[in-house]
Amino acid sequence: MTVYTKGVVFDGVDFDDPDCWKLDRYVKRGGYAALRKIIEGSISQDSVIAEVKLSALRGRGGAGFPTGLKWSFMPRQFPGQKYLVCNTDEGEPGTFKDKDIIELNPHALIEGMIIAGYAMGISVGYNYIHGEIFQDYRRFEAALQEARDAGLLGENILGSGFSFQLYAHHGYGAYICGEETALLESLEGKKGQPRFKPPFPASFGLYGKPTTINNTETFASVPFIIREGGQKFLELGKPNNGGTKLFSISGHVSRPGNYEVPMGMPFAELLALAGGMRDGGKLKAVIPGGSSAPVLPAQIMMDVTMDYDSISKAGSMLGSGAVIVMDESVCMVKALRRLSYFYYEESCGQCTPCREGTGWLYRIVDRIERGEGSLGDLDLLESLGKNIAGRTICALGDAAVMPVQGMLKHFRDEFLFHIENKRCLVH
Amino acid sequence: MLTADSLFQIDLELKKYPESQKRSAVMSALRIAQSELGWLSQDTIKFVAGYLGLMPMAVYEVATFYNMYDLAPRGKYKLTVCTNLPCALSGGEDALDYLKRKLSISIGEVTADGRFSLHEGECMGACGYAPVVLVNNHSMCRNMTPQAIDSMLAEFD
């Protein structure tokens, strides 16, 4: 697998060095300079937040919410404990960027979280890590210990009087815990079932206390923004789409991997960077933002640029930046069947429309795939979608519906062929 | 029921959370118990509940919600293969089929000698390394072509 960077999250990382994750290597490439700059220059909390706002950094977990704005929601004068939480529960099919951040550059995340803690006056943080990447959980714990031993983390950081404790917490196999309130429930030792919002975590979060939750890549972008300035980060990307972004490219490309490139890079260029199509295949379709994002056919994809606004205009979403590339050997009915099974399996069971609806979606797509579908099934899928989306506590219901809608919009003929001919057009 | 070492590890986890929030350590405690005993029996779940001062049902709920906890004995080597779409495009299903043939078992079964069990997993967040096989929940093997699977199996005792 390839990891490629134009700098920010993986700024200066030598991927061939097996010790590239260690503290001494991180410091050598400018690590913890941002933290020192804040502490030694006594930069105010407001100035740190203003710099993050200037950068136009948007949440890298999928929702794309402006990070500086989120930080400004945190009550500064709250008398009790407040919490900072990092979401490394990366389980959206197609996404594997946060895994590489904590494996190859964990200190960027640690430094970003310390800075965030400073900016919002928070003294305790947790990083919730996807259970399946347990080796990386261990790696992150080792990096935390290095930071503690060097006086960069813990009590009285660098003699500043500011203290910040940071701990790793692991999941154990539940996609839903990537949803921020399910993650908080899980962190409290419960089933990961999402909470009603409002109240939002900024007022009622972990243990009922004000809490800010950001994605791994978001936090790991912060040291660069403070060190080099928000303006420089912004200029790497496009207006309203600041900085670089990590794109996890999987599927039928020659070099799958993580590519950190400026926001707004044309998709065609990104595809070329990943070595183009594998074995000379022809591009059929792309899911541009993780399995929940509606699929886009090749001719639309080849015209989009990789940023929130362009992909949204094309009828899909950038999401977490997971780009699933499919060539003409892929049967779209079979592809959707596998994704629908995933949402059925991972629904937490709390809301009826999602618990029951995801099962219906899967069973209908499954029978179409097996050649046992009827023409009415396509209308049934549409109507089911309308009865799930927007009717559940969290977005998993919507996430299950969007791939179905995208497939029916762009590849309806393949579904019709399966129903009418009781076999697949591709295989 | 658990060794002193396992209890020591649970105590370390407890230090991460506020004194009044011992429940937060339940996921780690179950993971540590499972690593020692191989799976989570109802007695083990009750023991963990007692150790953390929780209702057994609260711990049972967690053990049944998260799919990496094993509520029945499994093979000495638990092999979980991701077959989700991104992995399937890069040989995830082929890896699972190869393991089925090689071990002569289906998904959810244990080999007659008790050494291997085979499981189908959901997204492990490592699609770029497909095909991916997770061994005993904690060790991820990447790029598992048939040859790589053969050498992996040869390394187990």
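Quick caveat: nothing in here was measured; it's all calculated off a predicted structure. (Residues numbered from 1 in each chain as written. Chains lettered and ligands numbered in written order. Predicted model: local features only at pLDDT ≥ 70, side-chain atom pairs only at ≥ 80, totals over all residues. Heavy atoms only, no water.)

Student: Is there a simple way to think about the state of the cysteines in this case?
Tutor: Cysteine pairs can be covalently joined through their sulfur atoms, and such a bond is termed a disulfide. What the rule picks out here adds up to zero disulfides over all chains. Left without a disulfide partner, C331(A) is nearest to the cysteine sulfur of C424(A), which lies 3.6 Å away. For the unlinked cysteine C82(B), the closest cysteine sulfur is that of C87(B), found at 3.8 Å. (Disulfide = S-S within 2.5 Å.)

Student: Hey, could you run me through the layout of surface pockets in this one?
Tutor: One water molecule sets the probe size; rolling that probe over the atoms shows where empty space is left. Residues and elements named next belong to chain A. One number sums up the size of the largest pocket: a volume of about 1300 Å³. Around the largest pocket sit 45 residues that line it, and G61, G62, A63, G178 and E180 are the ones nearest its centre. Every element with two or more residues in the lining of the largest pocket is listed here: α4 (67–72), α5 (97–104), β5 (211–215) and α17 (396–410). Take the lining of the largest pocket: its biggest share by element is five residues, from β5. (1 Å grid on protein atoms, 1.4 Å probe; cavity = no way out; pocket = protein on both sides within 12 Å on 5 of 7 lines; lining within 4 Å. Points joined across faces, edges and corners; volume = space filled by probe spheres on them. Helix = DSSP H or I, 4+ residues; strand = E, 2+ residues; numbered from the N terminus.)

Student: What is the right way to read the packing of aromatic side chains from this model?
Tutor: The description of an aromatic ring pair rests on the distance of the ring centres and on the angle between the ring planes. Under the definition given, this model contains 25 aromatic pairs over all chains. Taken together, a centroid distance of 6.4 Å and an interplanar angle of 20° make the contact between F162(A) and F164(A) stacked. For the residue pair F162(A) and F164(A), the accessibility class agrees, reading buried in each case. Judged by centre distance (5.9 Å) and plane angle (50°), the rings of F116(B) and F156(B) are tilted. (Phe/Tyr/Trp six-rings, centres within 6.5 Å; stacked < 30°, edge-to-face > 60°. Buried < 20%, exposed > 50% of the residue type's maximum accessible area, 1.4 Å probe, protein only.)

Student: I would appreciate a short explanation of the interface of chain A and chain B in the present structure.
Tutor: Tallying the contact residues gives 61 residues for chain A and 42 residues for chain B. Across the chain A to chain B interface the summed buried area is about 4200 Å²; carbon plus sulfur atoms make up 55%. Interface area lost by chain A to chain B is led by E132(A), Y172(A) and R338(A), which between them contribute 20%. Our count for the chain A to chain B interface comes out at five salt bridges. Across the pair E122(B) and R338(A) runs a salt bridge, and its minimum N-O distance is 3.2 Å. On inspection of chain A and its partner chain B, the count reaches 25 residue pairs in polar contact (both at pLDDT 80 or more). Elements that contribute at least two residues to the side of chain A that touches chain B include exactly α5, β3 (124–129), α7 (134–149), β4 (165–170), α8 (180–187), β6 (244–251), β12 (322–327) and α14 (332–346) of chain A. For the side of chain A that touches chain B, the leading source of residues is α14(A), giving eight residues. For the side of chain A that touches chain B, the per-class residue count stands at 28 nonpolar, 17 polar and 16 charged. (Contact = heavy atoms within 4.5 Å. Buried area = accessible area lost by both parts, 1.4 Å probe. Salt bridge = Lys/Arg side-chain N within 4 Å of Asp/Glu carboxyl O. Polar contact = N/O pair within 3.5 Å; in protein donor to acceptor, adjacent residues only side chain to side chain. Nonpolar A, V, L, I, M, F, W, Y, C, P; charged D, E, K, R; others polar.)

Student: How should the sheet that holds β5(A) be read in this particular structure?
Tutor: Think of a sheet as strands paired side by side through backbone hydrogen bonds, with each pair either parallel or antiparallel. Residues and elements named next belong to chain A. Judged by pairing direction, the sheet is parallel, and its four strands sit side by side in the order β4-β3-β2-β5 without closing on themselves. Two strands lie at the open edges of the sheet, namely β4 and β5, each paired on one side alone. On average, each strand axis in the sheet is tilted by 20° relative to the strand beside it, whichever way the strands run. Here β3 runs beside β4; their pairing, made up of six bridges, is parallel. Its bridge partner lying in β4, G125 is registered against L166. Sitting on the sheet, α5 touches β2 (83–88), β3 and β5, and the angle it makes with β2 is about 110°. (Pairing = 2+ DSSP bridges. Axes fitted to C-alpha atoms, helices over the stretch in contact; angles between N-to-C directions.)

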